[in-house]
Each structure stands twice: as C-alpha cells, then as structure tokens.
2 protein chains.
Amino acid sequence: MEANVTAGKEIVVLGAGFGGLTFCQKFASAGAHVTLIDRQNHHLFQPLLYQVATAGLSPAEIAQPVRSILSDKENVTVLLDEVLGFDLAKKEVALSHKTMRYDYLVIALGGVTSYFGHPEWEKFAPGLKSIDDALRIRREILLAFEHAELETDPERVKQLLTIVVVGGGPTGVELAGAFAELARHVLRSDFRHIDPSKARVVLVEAGPRILGHLPEDLSASAQRQLEDLGVEVRTSTRVTDIHAEGIQLGVEYIAAANKIWAAGVGASPLTAKLGVPLDRAGRIQVQPDLSVPGHAEVFAVGDVATIIDANGRVVPGVSPAAMQMAGHVAREIENELGGGEGIRARSPFVYWDKGTMATIGRSAAVAMIGPVKFSGFMAWLSWLFVHLIFLIGFKNKFTVIVQWAYSYFAYKRGARLITGLR
Amino acid sequence: MEANVTAGKEIVVLGAGFGGLTFCQKFASAGAHVTLIDRQNHHLFQPLLYQVATAGLSPAEIAQPVRSILSDKENVTVLLDEVLGFDLAKKEVALSHKTMRYDYLVIALGGVTSYFGHPEWEKFAPGLKSIDDALRIRREILLAFEHAELETDPERVKQLLTIVVVGGGPTGVELAGAFAELARHVLRSDFRHIDPSKARVVLVEAGPRILGHLPEDLSASAQRQLEDLGVEVRTSTRVTDIHAEGIQLGVEYIAAANKIWAAGVGASPLTAKLGVPLDRAGRIQVQPDLSVPGHAEVFAVGDVATIIDANGRVVPGVSPAAMQMAGHVAREIENELGGGEGIRARSPFVYWDKGTMATIGRSAAVAMIGPVKFSGFMAWLSWLFVHLIFLIGFKNKFTVIVQWAYSYFAYKRGARLITGLR
C-alpha cells in the first residue's frame, strides 16, 4: 500500500518564526507527523517589534502562542524546548529534555544580533530580536527620561536625553523615527523640569546611505523624512567603541545614555554545531533545493540560510523570503512522501520579491513594490495595510488598529510602562 | 492679600495608586504645588491585575503612565523615586535622589502581600500586587503546562497541572475561576500529550466560607459557581507549609507545582519608619479626619490607613474607599489653604459603600449593591460595566472591551505569552 510510505515519518522543525510556522501551516502530507520545537511559546511578528521597544504596542499584540496558531493542525506537536546539538549521521537532534529522531529536519532557527566581534557592546547597546529585548529598550529609554527629570546637572540631562541608534537598515530607521516621535510629541507635556522635545536622536550608518537595499532616491527621501522629525542622520560613520556613558564614532564622541544596536544580524549560533559550510555570518550555504550540503533530508530556511536563487538573486533576510523558503521545503517533502511514480526530482528555490518598505513615522515611509516607488503618506498607508494583513490573528489585527488610530489622532502611546525594575 | 496664604505651599503625595492619584486629580487649590512620588511610572488598575496573571489582558491595558494621566495638571510634578524614610518633626521625606520638604504630606503607599510571618513562602507562592508579580504568575503557570507536555511520569504531570490558590477573598476567587477557565476551555485543544482540562484548581480559605465580607447566601452562590467551573473549594483549611513541590494543609498534602498567595495584605513596610501607632498589619491608626496622630499636616489614605468611620463602620481596604479618603483629604487641605475666616474645623471621614462584587468566570459573578444581591450572569454584567467605567483612559476601555468580547466568544486568551525566561 503506497499510503504507508508516509506513515510514521517524523519531521522535526526547529524554530517557530516565520519559516518554521509557515512550514507547519503549509505542510499537508497525511500520515507524517511534525514536531515544532522552539524555546519561546510564542510566534513573534518581528517587523513590529520596534513598536514595542518604542512603547507603541504591547507584546501580546505582536505575538501569539504557537500552540494556539497550530491547534487545529492535528499532525503537529509543539514542544517548548531548547536545541543543544545535532547528530546528522544518526538523524538526531539533542534537546534539553530529550533526543528527537527525524526523517526530515527543517532548520528555521532565525538570527541573532551580531556585534561584529564586539560582544562586550551588548551590555550597553541592546539589540532588538525578542520581546524581552524590546521591553529592555522600552524600560531603559523611559527610565532615562525619568532620571533626567530628577537631574540637576545640565550636561547629565543632555546625556540622558540622547539616543543613538546604530544601523541604517529598516529596523534602525524605524526605531530612530519612533524615538523622535516619542520625545517630540508623546512625552512633550508630561514633564515639568525637562523638555523631552529637546531629546537628541542620532542614527549612525557605516555605509554611504541609509536603507542601502533600496534605490538611491528612496534612501534620500527616507533621510529627509527622518530629518524632518528631528533625527540626525550620520552616514559613512563607523562605531569604534561603546560604553555606559556614550559612543565613540572615530574621532567624534557622543555622550549618550541610550544606545541601540540595529546594525548586524547573524545566524543562530547553533548552526556552528552542524559541521557544514557556513558563511561569515554563520549562515548555512544551502543547495538550490534549500537542503544542507551532504544531507538531502536536512533543510535550512530563513535567516540561518544563505543562497543565490535560480534567478541569480541573493535571497534577502526578510520574513517573506523565510515564508517562501518554508513553502518550497514543504512541497519538496510532500512530493517525496507521496511515494510511487509521482516523485519528481527536487526543484530549485526561486524568490519572488513582493516589494520592500520601511516606515519612518506618522505618515512617513518609503516603499517599493515592483518598479513603483512611494514616499510619504502613500508609502505609510501601504506599510500599514501590508503589516495589518500579515499580522497573525484577527483579534490582534483589531486591537492594533485601535492602538494605531489612538496613537495617530491623540499622539499618545499606550504602552509606556516601565516593568521589570528589579 | 489672602490669596498669598497658599502661595508656595508644597504638598507631597506618596504613591500613585487609587488614593494618591485621586488626590492629585481632585485637589484644586491655586498656588499650592503638589509633588507625586512613586517608584513605578504607571498607575495600576489593581482590580483587573488577576486578568494579567491569567493571560486575559496585557499589562498596558490595565496600567497607564502617571505622567500621562496628570499631564494637564500644571501644578502637579510627578517624580519616579523611592521613599527611604521620614522626618515628621522637620517635615521632610527622604527619597533616594533627594530630600523633599512639605507643608502637607499625603501617605498613600498602599499595601504589600503579607505571608503572616512566613516570608520564606514568597519564593514558592507569589502574591499579586504588581505587574511584575502578574507576569511572574503567568509565566510560571504557562511553563508548568509546557513542562507537563514534555513529561512522561504521570505523577509529575499531575503535580505540574495542579494549581492551589490560597485565600478566598475576591482576588483568590477571581484567580481560581480564571485558572479553571484557562485550563478547561482556552488551552483545551492546544496540547497533544496532556489534557489541560484535567488540571486541578484548589481554592483554600482559612475562614468558614469564601468572600467572608459578603452575606452568606452570596458566599454559597460563589462557591457553587466556582465548583461548576471545576474548582475544589476548601474552607476552614489552614496552610501549614509551602515548598517547591507542594503545599501542606494540616494533615493533607497536595503535590502542586503552582501555588498563588492571595491570602494576606499588609500596609507598605515604610509605615514602620513613621514612628506612629500601627495595627498588626502595619496600618496607621488615623484620626477621624484621616490625619496621622500628633501630626495634623500628615494624612494617610487607602491600604496604609485603618479607621472606623463616623458611622461606626470599619472602612474596607478597597479602591473606592481609598479614592473617597483621598477626596476627603483634598477638601480638608483646600479648606485650610483657602485662608481667612472661611476656614472651618476639620470634618470626620464617612465611607459611602457603593456596593461590592467579585467575578468568578464567564457569566459568573456575585454582587451586592445596597440591599440588592445579584448572582450569575446579571452580577457578571454589572461587574463588567463597573470595571469598564472605572478603567482609566478611553483607549484602554476600548481595547479591553475588544479583548473581553474576543475571549468571551472565541474562548481564547490573547495574552498567553511567556516572557522573561532568562
């Protein structure tokens, strides 16, 4: 009986980000069983994480329990556990609670903040990859304003009200814009001794322009829009040191209590335990079918993989790419588990670029969809629309609309809580 | 010029709970300046804190930045700082950043969880007073279900799925009901190895009945409604020991990974630094006008004060009482600052009981408004209505309605996040 070919096959998926979750949602081969493993219980809508860091949204509005998303997928088991290592020869993954055997392994462990050889900077300039990161940033920025209100030394007040964002990619641009709005509009009338609108927000980028992945005119437009919000943009500027009191940019020193690192993403350090070829950022150099070299039953998708697709394009480290890669792997495995003469050879992955966008602030954004470029309000509207469509869960969509409408019209931010103080 | 009498007068308010905040909102004496001090930046809507602990609401939905609430009160300064001690003779309060001199002092520091001489139980049975407490409870309960899913020993699974709530007051009743709903309805189809609806929720009360402040028939009704949800109610049962693995109730031992302490509230330990008479729970035994004995310019309101009002009633430790006390103090100080012949003698505080209620679950509650008693759906509707009216901030009201409607119809809870794992 050919149906038996799939029976009892075990597929282990590591990571419940966009890649891992999409695989579980798309994979539909009767009989095979899927185990999804993540050390967090929630799927995080990463593109809006900067809104949590800047007190615009609450964690629960951009995150959803993985179990809840997959509760109607009878063949999927979700485990909250941590990956310790791999034995690719034995087809086993070691978790902290047990060892899992697999027939297929899908590695979707995502990325981590990379400090380019300066891990000691993490202490002074948090990255933004998890909810806990975002809550840490929110707490530190809001506390800096509180401490400035209590401070009498004007130099120290200036230092407390200076925020430096390192990295001019989408995350850095979004953070810098949101901090400027927070200071200039939201907090403006809340303090008695300090004037929050005097806060200084600096965006530092090592390359010649911000949003380097977009055409030059959109980069220029984004910079103009940021400057209109009061952000100082420093391109071709390298960070040479970061410590508690400030940041060194070559010969220039900025006294700043608040530094955020949005400059580098590396693959999960677990990729080093695979014993397969990696690039400088620790990403697996996958085959055209997204399998790991030498292990046809092991796939890697999303930020842990690097590949030039069948059209010769470098696949970017964005969520649509991770989702498309996961869909491709699901189809390849379904095909092989289908059994019999229906099995075709594996096909190469092709990335379909649906467009790219970055938001800067209230009514300010840049977007490119195919050959069409937008700036300002129209780009901001499409950004809003696209992010709402992809936000998982109806209730989240609805409360996020309410939050955004409220922030937009009242210039208030509802999530200005300092938690975890001790 | 009589107007000058108030000029430059400094009123220091300690604590931004219901008492301190209400004082700042009601006090309206031109010229006098008010400084509100709290170590948290947010006012917390305590009556709904149990909803955060049970994953129904997000922290930002029941908390609001104090600065934001008071931003249009020009004569109020908000400081994020911690009270270290008092010098009542010198009329000074020592904060960690500076020392404040006052003409009037309003102590509204609220309560803390009291373990009745067993502080070592705190480690195993968290109380519920702050957002961080609620997030800790949410994390521990959700993790227990996750660990049960990974566990193979059936005894250990039972232990992980047992929740004991200590204290049959409103908070304990609300927590027990919400945990039972979480296990029986919300999480029901999310797991593959365990059956969350088999989770055991036990509510332990030392007195002869739960909700002892309500008439007997309402206590009985509340107990029936809890039992309908599957909660085991143990009255006349004393806790004799709590440790990591379980809880000892006299001769009975319950193996339980999850214990919550909702049994005791004491005044803020800072009252001990005042050098004035306190009751056993550390509350200040205030005068009829709510001033501290021997210090007519120092008032205490809310959970730090204990008083039998002019009608001979013990004023209960609930938020309406704290708000009424704060309003009384505001009027007394306004009167004295008014100056000249208009000054009347101080008047005694009279508590106006607007009713009392406790919710148990979806469509389940008990309420008493004046002589009228409600049970079940009608009580639940009035509970909903009253809590929404008093929830500070329009946006919060609106998103809370959305959350509740969603939870009610979909039997899902949106805030099931495990954060702060390491």
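As a reminder, the structure under discussion sits directly above these lines.
Residues numbered from 1 in each chain as written. Chains lettered and ligands numbered in written order. Predicted model: local features only at pLDDT ≥ 70, side-chain atom pairs only at ≥ 80, totals over all residues. Heavy atoms only, no water.

On to the sheet that holds strand E25 (residues 372–375) of chain B. Residues and elements named next belong to chain B. Strand order in the open sheet formed by 3 strands is E23-E24-E25, and the pairing between neighbours is antiparallel. Lying at the two open borders of the sheet, with one neighbouring strand each, are strand E23 (356–361) and E25. For this sheet, the mean inter-axis angle between neighbouring strands, taken without regard to orientation, is 5 degrees. Pairing analysis gives 4 bridges linking strand E24 (residues 364–369) to E25, with the strands arranged antiparallel. Directly across from Ile369, in E25, lies its bridge partner Val372. (Pairing = 2+ DSSP bridges. Helix = DSSP H or I, 4+ residues; strand = E, 2+ residues; numbered from the N terminus. Axes fitted to C-alpha atoms, helices over the stretch in contact; angles between N-to-C directions.)

Residues and elements named next belong to chain B. With respect to the secondary-structure elements, Glu61 resides in the loop between helix H2 (49–53) and strand E4 (63–65). Looking at Glu61, the relative accessible area reads 1%, which means it is buried. Polar side-chain contacts of Glu61 include one of 2.8 Å to the backbone nitrogen of Ser58. (Buried < 20%, exposed > 50% of the residue type's maximum accessible area, 1.4 Å probe, protein only. Polar contact = N/O pair within 3.5 Å; in protein donor to acceptor, adjacent residues only side chain to side chain.)

Residue-level contacts link 54 residues of chain A with 54 residues of chain B. Buried area between chain A and chain B, both sides added, is near 4,700 Å², and the carbon and sulfur share of it is 56%. Summed over the shared surface of chain A and chain B, the number is 2 salt bridges. Between Arg67(A) and Glu146(B) there is a salt bridge, with its nearest N and O atoms 2.6 Å apart. At the surface where chain A touches chain B, the tally comes to 10 residue pairs in polar contact (both at pLDDT 80 or more). Mapped by element, the contributors of at least two residues to the side of chain A that touches chain B are strand E4 (63–65), helix H3 (66–69), strand E5 (76–80), helix H4 (131–150) and helix H10 (394–410) of chain A. It is H4(A) that provides the largest number of residues to the side of chain A that touches chain B, a total of 8 residues. Looking at the side of chain A that touches chain B residue by residue, the classes come out as 21 nonpolar, 17 polar and 16 charged. (Contact = heavy atoms within 4.5 Å. Buried area = accessible area lost by both parts, 1.4 Å probe. Salt bridge = Lys/Arg side-chain N within 4 Å of Asp/Glu carboxyl O. Nonpolar A, V, L, I, M, F, W, Y, C, P; charged D, E, K, R; others polar.)

With that out of the way, let us pick up the sheet that holds strand E8 (residues 99–101) of chain B. Residue and element names in this part refer to chain B. Judged by pairing direction, the sheet is antiparallel, and its 3 strands sit side by side in the order E6-E7-E8 without closing on themselves. Looking at the sheet topology across the chains shown, the edges are occupied by strand E6 (83–87) and E8. Pairwise comparison of adjacent strand axes, ignoring direction, gives a mean angle of 20 degrees for this sheet. Pairing between E6 and strand E7 (residues 92–95): 4 bridges, direction antiparallel. When the bridges of E7 are listed, Val83 appears paired with Leu95.

Throughout the structure, instances matching the rule amount to 32 salt bridges over all chains. Of the charged contacts in the structure, one is a salt bridge between Asp195(B) and Lys198(B), with a shortest N-O distance of 3.2 Å.

Any empty space left between atoms is shown by rolling a water-sized probe over those atoms. Per the counting criterion, the structure on display carries 11 cavities of 30 Å³ or more. Volume-wise, the second largest cavity comes out at about 110 Å³. Pro59(A), Leu135(A), Pro59(B), Leu135(B) and Arg138(B) are, among the 14 residues lining the second largest cavity, the residues nearest its centre. If you list the elements that add at least two residues to the lining of the second largest cavity, you get H4 of chain A together with helix H4 (131–150) of chain B. Classifying every residue of the lining of the second largest cavity gives 8 nonpolar, 4 polar and 2 charged. (1 Å grid on protein atoms, 1.4 Å probe; cavity = no way out; pocket = protein on both sides within 12 Å on 5 of 7 lines; lining within 4 Å. Points joined across faces, edges and corners; volume = space filled by probe spheres on them.)

Residue and element names in this part refer to chain A. If you trace the backbone, Ala322 turns up in helix H8 (residues 319–338). For Ala322, a relative accessible area of 8% gives the class buried. In this structure the C-alpha to C-alpha distance between Ala322 and Ser236, which are 86 residues apart in sequence, comes to 30 Å. When sequence neighbours within four positions are dropped, the list of residues in contact with Ala322 reads Phe18, Gly19, Val301 and Gly302.

All right, on to the packing of aromatic side chains then. All names here are of chain A. Here the structure, examined in full by the defined rule, presents 15 aromatic pairs over all chains. Taken together, a centroid distance of 5.2 Å and an interplanar angle of 15 degrees make the contact between Phe23 and Phe27 stacked. Residues Phe23 and Phe27 agree in their burial class; the two are buried. One aromatic cluster is present, formed by Tyr115, Phe116, Trp121 and Trp261 through successive ring pairs. (Phe/Tyr/Trp six-rings, centres within 6.5 Å; stacked < 30°, edge-to-face > 60°.)

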